[in-house]
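Below, each chain spelled out in residue letters.
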Amino acid sequence: MTMTTSRQERYSTRTIDIIVHGATGFTGKRVVTHLAKHHSELNVAVCGRSQDKLTAVANSVGWNESKCKSSIFVVSDIVNENDKLVAAFANAKVLIACAGPYRQCGLPILKAAVEARTDYLDLCGEPQFFDDALLSFDREARSAGVLACHAAAFDCVPAELGAALAERELLKNNTSCAGVEVIHTMQNVSCANATTWHAAVDGFHAAASGELAKSRQKVKENYPEFKETMPPSRPAEWAKAPVTPGLLPGYNEELELRTMKFVGADSSAVRSSWRYLRSRKPDHPRKGTSIPEPKLSVLIGMDSKDSMSALKVMGFGATFSFLARYKWGCDMLHAN
């Protein structure tokens, strides 16, 4: 039986402030570097599969031999070495899970964090993993008093905070929030890192093949409180805005941007947070069960004068989504 202790009690006995799993990857290295540069007062540890690569990361941020010896944890097989993972996490207050794709390696890391009673953050942008993690470990984590927070990353966090801020400011003036539009703009981005690419391929395939729908159905079946705390219907007089573009780009006159639907995890992350607030905090001033849900639109914005970029994005998106529907297409995309 899991014994619940307060977070303050747990933290008081742990000497590692943050442990970064996947510290040798594209994002993990940046997390470790940022912590070393901007939060040197924290005791940070790293965990991953390769001693040599972890040591290289540690050396890059100036760890000495003693620090490396106490703060590098090597777990080469996260599936079959759960005990080593739990031991690595057990002396840490917070785990930042940077290794992906999460559908392949995320659940064993979360499992070990819950068993170690270590608060967990990840950078996941994979909607199916949100549901699978909820089904697998939500009740166990709650029983142990462990925080598990997904999508604490570059795109989802600004989208969530932006949506929350827009609603909060309107409610301050007793004004209802009928819609929230989030527009991402990007500059000098020509490619994605390999993990993001592979996660996107698998995510599109999961949506097209029905895997994502099955995961969401399981959530509905296992969490009746989500249905019981659904928001009331939108009032008929509310504007049917914002409008999410379909096959052709839209246009935002105020920002002078061509817009297209953003197919990342932002929408799933925002709606999951809304669902959480309604079901766990029914009297929440912004997301209580008596408040209709705004219409949400998450878009990518492009310079309105650059028609070629819009055409390129449309062409790439159409080709990618077609190939990702099929196993052979996924194999092609994973190989490139």
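Above: the structure in question.
Residues numbered from 1 in each chain as written. Predicted model: local features only at pLDDT ≥ 70, side-chain atom pairs only at ≥ 80, totals over all residues. Heavy atoms only, no water.

Q: Is there a simple way to think about helix α5 (residues 82-89) in this case?
A: Every α-helix carries 3.6 residues per turn, so stepping three or four residues along brings you back to the same face. When α5 is considered as a whole, its buried residues turn out to be Asn82, Leu85, Val86, Ala88 and Phe89. Each buried residue of α5 sits inside an arc of 160° when the element is viewed along its axis, so together they form one side. What points out from α5, more than 90 degrees from its buried face, is the exposed set Asp83 and Ala87. Those residues of α5 hidden inside the fold are in contact with β1 (16-21), β2 (44-48), β3 (72-74), β4 (92-97) and α6 (102-116). (Buried < 20%, exposed > 50% of the residue type's maximum accessible area, 1.4 Å probe, protein only. Helix = DSSP H or I, 4+ residues; strand = E, 2+ residues; numbered from the N terminus. Arc of directions from axis to C-beta. Contact = heavy atoms within 4.5 Å.)

Q: Please clarify how a nonpolar patch on the surface should be interpreted in this entry.
A: Residues Phe322, Tyr326, Trp328 and Met332 make up a contiguous nonpolar surface patch of about 420 Å² in total accessible area. Among the secondary structure elements, tyrosine 326 is positioned in the loop between α13 (307-324) and α14 (327-334). (Patch = residues over 30% accessible without salt bridge, like charges linked within 9 Å, V, L, I, M, F, W, Y side chains within 5 Å. Areas by Shrake-Rupley, 256 points an atom, 1.4 Å probe, with all protein chains shown as cover. Salt bridge = Lys/Arg side-chain N within 4 Å of Asp/Glu carboxyl O.)

Q: Explanation requested: the pairing of β2 in the structure shown.
A: Looking down a regular strand, the side chains alternate between one sheet face and the other. Burial of β2 is extensive: five of the five residues sit out of reach of the surface. Residues of β2 alternate between two faces, with Val44, Val46 and Gly48 on one and Ala45 and Cys47 on the opposite face, all of them buried. The pairing of β1 with β2 spans four bridges and is parallel. Bridge pairing links valine 20 to valine 46 in β2. One crossover worth recording links β1 to the parallel β2 by way of helix α2 (residues 26-38), and it is right-handed. Two strands pair when backbone bridges link them, and β2 and β3 are joined in this way by three bridges, in the parallel orientation. From the neighbouring strand, glycine 48 faces β3, where its bridge partner is valine 74. (Pairing = 2+ DSSP bridges. Right-handed = clockwise from strand over helix to strand, strands pointing away.)

Q: Just checking my understanding: could you explain the side chain of serine 71 for this structure?
A: Among the structural elements, serine 71 can be located in helix α4 (residues 65-71). In terms of polar contacts, serine 71 uses its side chain to reach the side chain of serine 70, at 3.3 Å. Setting aside chain neighbours within four positions, we find serine 71 in contact with Asn43, Val44, Ala45, Val46 and Trp63. (Polar contact = N/O pair within 3.5 Å; in protein donor to acceptor, adjacent residues only side chain to side chain.)

Q: I would appreciate a short explanation of the pattern of salt bridges in the present structure.
A: Here the idea is simple: oppositely charged side chains can pair when their charged atoms come close. Per the counting criterion, the structure on display carries 16 salt bridges. Among the salt bridges present, the one from lysine 84 reaches glutamate 81, with a minimum N-O distance of 3.9 Å. Across the salt bridge formed by glutamate 169 and arginine 168, the nearest N and O atoms sit 3.7 Å from each other. Note on arginine 168: relative accessible area 47%, which makes it partly exposed.

Q: Even after reading the chapter, I still don't get helix α9 (residues 194-209), so can you show me in this structure?
A: Over its 16 residues, α9 extends 22 Å from the first C-alpha to the last, a length consistent with the 22 Å expected when each residue adds 1.5 Å. Its buried side turned inward, α9 meets α6, α7 (127-144), α10 (211-222), α13 and α14. Positive backbone phi, at 95°, marks glycine 210, one or two positions downstream of α9. (Expected span 1.5 Å × (residues − 1).)

Q: Got a minute to help me understand unusual backbone geometry in this structure?
A: Excluding glycine, residues mostly have negative phi values, and the peptide bonds linking residues are mostly trans. Glycine 100 connects to proline 101 through a cis peptide bond whose omega is -5°. As for its placement among the helices and strands, proline 101 is situated in the loop between β4 and α6. For the bond running from alanine 241 to proline 242, omega is 0°, close enough to zero to count as cis. With respect to the helices and strands, the residue proline 242 is situated in the loop between α11 (224-228) and β8 (250-252). The phi torsion at alanine 151 lies on the positive side, around 60°, for a residue other than glycine. Note that alanine 151 resides in the loop between β6 (148-149) and α8 (156-172). The phi torsion at glutamate 256 lies on the positive side, around 55°, for a residue other than glycine. With respect to the element layout, glutamate 256 can be found in the loop between β8 and β9 (257-261).

Q: When you look at the sheet that holds β9 in this model, what are you seeing that I'm missing?
A: Within a sheet, neighbouring strands are paired by backbone hydrogen bonds and run either parallel or antiparallel to one another. Here four strands make up an open sheet; going across it, the order is β7-β10-β9-β8 and the pairing mixed. Looking along the sheet, the strands with just one partner apiece sit at the ends: β7 (179-185) and β8. On average, each strand axis in the sheet is inclined to that of its neighbour by 40°, with strand direction left out of account. Inspection of the sheet shows β8 paired to β9 by three bridges, in the antiparallel sense. Within the sheet, the bridge partner assigned to glycine 250 lies in β9 and is threonine 259. Its contacts with the sheet put helix α12 (residues 266-280) on β7 and β10 (295-303), and the angle it makes with β10 is roughly 150°. (Axes fitted to C-alpha atoms, helices over the stretch in contact; angles between N-to-C directions.)

Q: Even after reading the chapter, I still don't get the sheet that holds β4, so can you show me in this structure?
A: Here we have six strands laid out as an open sheet, ordered β3-β2-β1-β4-β5-β6, and parallel in their pairing. Where the open sheet ends on each side, the last strands, each with one partner, are β3 and β6. The sheet strands contacting helix α3 (residues 51-60) are β2 and β3, and the helix crosses β3 at an angle near 160°. Those strands touched by α6 are β1, β4, β5 (119-122) and β6, and its axis lies near 165° from that of β5.

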